[in-house]
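A structural walkthrough
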Amino acid sequence: MIKSIKRFLYPITSKIFLHARLVEGRLKGSGDSFRCLFVDNLDFTKILEARIYEGAPIIHKSWRIFIPSLRKLLVNSDNAFDACVAALPMSYEPLFKNLYTYKSREKVRQIIDISGTWDDVRKRFSKNKHQITNKFPEKFGLGYRISNDINDFDHFYHRMFVPHIKKRYGELAVIESYENMKEYFLKGLLLFVTKNDERLAAALCLIANGVLIFRRTGVLDGNETLVESGAQTALYYYQLKYAHEMGLRAVDAMMSLPFLNDGVYMHKKEWGAAVFPDDEQSTWVYYFSAGLPEKTACFFEKNFVIVESDDGLRGVIGLPNTTDLSKETIDQLIHKYQAKGINGFFVHTKTGVLHIP
């Protein structure tokens, strides 16, 4: 009975009370001690925690916090922590509007424009991807085929998708159900990457409103060697090629973590993906800086987060060993991290914040 009541009340209480954890550990790279207050009911802060700390941090306190009382805690923090990251329902925006340093979302959407000729599409690739895809089929010996066969879907789900997700995310893996993915397959298609007729990797795709939606991916038995040997590259290349041949206007590469230096995000960017807010989310991720500028720079050195500002999406970059940015450094940052949809950068140094338009 008590469990049933808790399950009934959770959707209500989770919008009022959130999990709070005050943790402290050594920052990756610098080894500096950093104390952070994480507040949410999501896995996002766990991902963030793993990105910034060397090993598991010490948990000083763990409790359930009443969201309105969080404002008072932040105002009267008295240097109790160096930063706070809170994922809160968007309805609380007015309560925290003048307190947070930045706001972001849990994910961003990346969409690849495939308008124009195939040469036009390839010109939007990074220099590296442009070189790799030059005479791609001959270079790697990889091809592709499209399937609507349910037996192929079974093979994809059990031999590719599930092993790939488990291998990549470990304990944080969230395995989408067979039935749920089957619904998408029946509306869409599978694109298999092949070599000598063997299926090495696959993408589950949908086509809607002139866009190929790259919904899920998988590699045979989760074999990372296949990824390194070009199978993952082939998935993107052949989806773009197939969508272009079908006369579609874009490939929706779907969601990525909102970090300029995240591997998945960067991989999609190199294919020419533009960045958009994920408007389907109902949560803001707020970053509250409470420590010294140098510590804030150290935090953002590990998390080049994509935030939302009055003029659209911007990147936040930490360079704790820098005071003044040279033109060469600025040009390097822009060259590496600029993408369509990113309208500039905030760069944190040991002395403050610089704005790069």
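Along every chain, residues carry numbers that run from 1 in the direction the sequence is written. Totals for whole chains, interfaces and linings use every residue, but because this is a predicted model, local features are given only for residues with pLDDT of at least 70 and side-chain atom pairs only at 80 or more, for both listing and counting. The basis for every side-chain value is the complete set of heavy atoms in the structure, and neither hydrogens nor water enter the calculation.

Our next topic: the environment of Pro 68. Relative to the helices and strands, Pro 68 resides in helix H3 (residues 67–75). Think of it in three bands: residues with accessible area under 20% of the maximum for their type are buried, residues over 50% are exposed, and the middle band is partly exposed, with areas taken using a 1.4 Å probe on protein chains only. Here Pro 68 falls in the partly exposed class, since its relative accessible area comes to 33%. In the structure, Pro 68 is positioned 196 residues away from Val 264 in sequence and 35 Å away in space, judged by C-alpha atoms. Counting from the N terminus, the helices are DSSP H or I runs at least four residues long and the strands are E runs at least two residues long.

For Asn 209, which is not glycine, the phi dihedral falls at a positive 55°. The exposure class assigned to Asn 209 is exposed, which follows from its relative accessible area of 70%. Its identity as a non-glycine residue notwithstanding, Asp 221 has a phi of 55°, on the positive side. Looking at where Asp 221 falls in the secondary structure, it is placed in the loop between strand E10 (211–219) and helix H10 (224–228).

We now examine the sheet that holds strand E14 (residues 306–309). Sheet strands pair via backbone hydrogen bonds, and the direction of the pair is either parallel or antiparallel. One requirement defines pairing of two strands: DSSP has to find at least two bridges between them. Strands sit in the order E14-E15-E16-E17 across an open sheet of four strands; the sheet is mixed. The strands lining the two open edges of the sheet, one partner per strand, are E14 and strand E17 (353–356). Pairs of neighbouring strands in the sheet enclose a mean axial angle of 30°, with direction left out of account. One ladder, built from four bridges, connects strand E16 (residues 342–348) with E17; its direction is antiparallel. When the sheet's bridge partners are listed, Phe 346 is paired in E17 with His 355. In what follows, residue pairs with any heavy atoms lying within 4.5 Å of each other are defined as contacts. Between N-to-C directions, angles cover 0 to 180 degrees, with each direction set by a line fitted to C-alpha atoms, over the stretch in contact for helices. Helix H13 (residues 293–302) contacts strand E15 (312–318) and E16 of the sheet and is inclined by roughly 110° relative to E15.

The residue Phe 140 is located in helix H7 (residues 136–140) in this model. Assessed through its relative accessible area of 26%, Phe 140 is described here as partly exposed.

Per-residue confidence for the chain gives a mean pLDDT of 91; residues scoring 70 or more make up 96%. By mean pLDDT, the top-scoring element of the chain is strand E6 (residues 108–113) (98), and the lowest-scoring one is helix H1 (residues 2–13) (48). Confidence scores per residue from the predictor, reported as pLDDT, run from 0 to 100.

This part is about the pattern of salt bridges. The working definition used for a salt bridge is a side-chain nitrogen of Lys or Arg within 4 Å of a carboxyl oxygen of Asp or Glu. Evaluation of the coordinates by the stated rule reveals 20 salt bridges. As a salt-bridge pair, Arg 216 and Glu 176 come within 2.8 Å of each other at their nearest N and O atoms. Here Glu 176 lies in the loop between helix H8 (150–169) and helix H9 (178–187) and Arg 216 lies in strand E10, a separation of 40 residues in the sequence. Relative accessible area serves as the criterion here: at 25%, Arg 216 is assigned to the partly exposed category. Linked by salt bridges that have partners in common, Glu 93, Lys 97 and Lys 103 make up one network.

The seven strands lie next to each other as E7-E8-E9-E10-E11-E6-E12, forming an open sheet whose pairing is mixed. The open sheet has two free edges, formed respectively by strand E7 (143–147) and strand E12 (273–277), since each of these has just one partner strand. Neighbour-to-neighbour, the strand axes of this sheet turn through a mean angle of 30°, independent of strand direction. When strand E9 (residues 198–208) meets E10, the two strands line up antiparallel, connected through eight bridges. Note that in E10 the partner of Ala 201 across the bridge is Val 219. Contacting E7, strand E8 (189–195), E9 and E10, H8 crosses the sheet at an angle of about 70° to E10. In this fold H9 packs onto E7, E8, E9 and E10, with an angle of close to 75° to the strand it touches most, E9.

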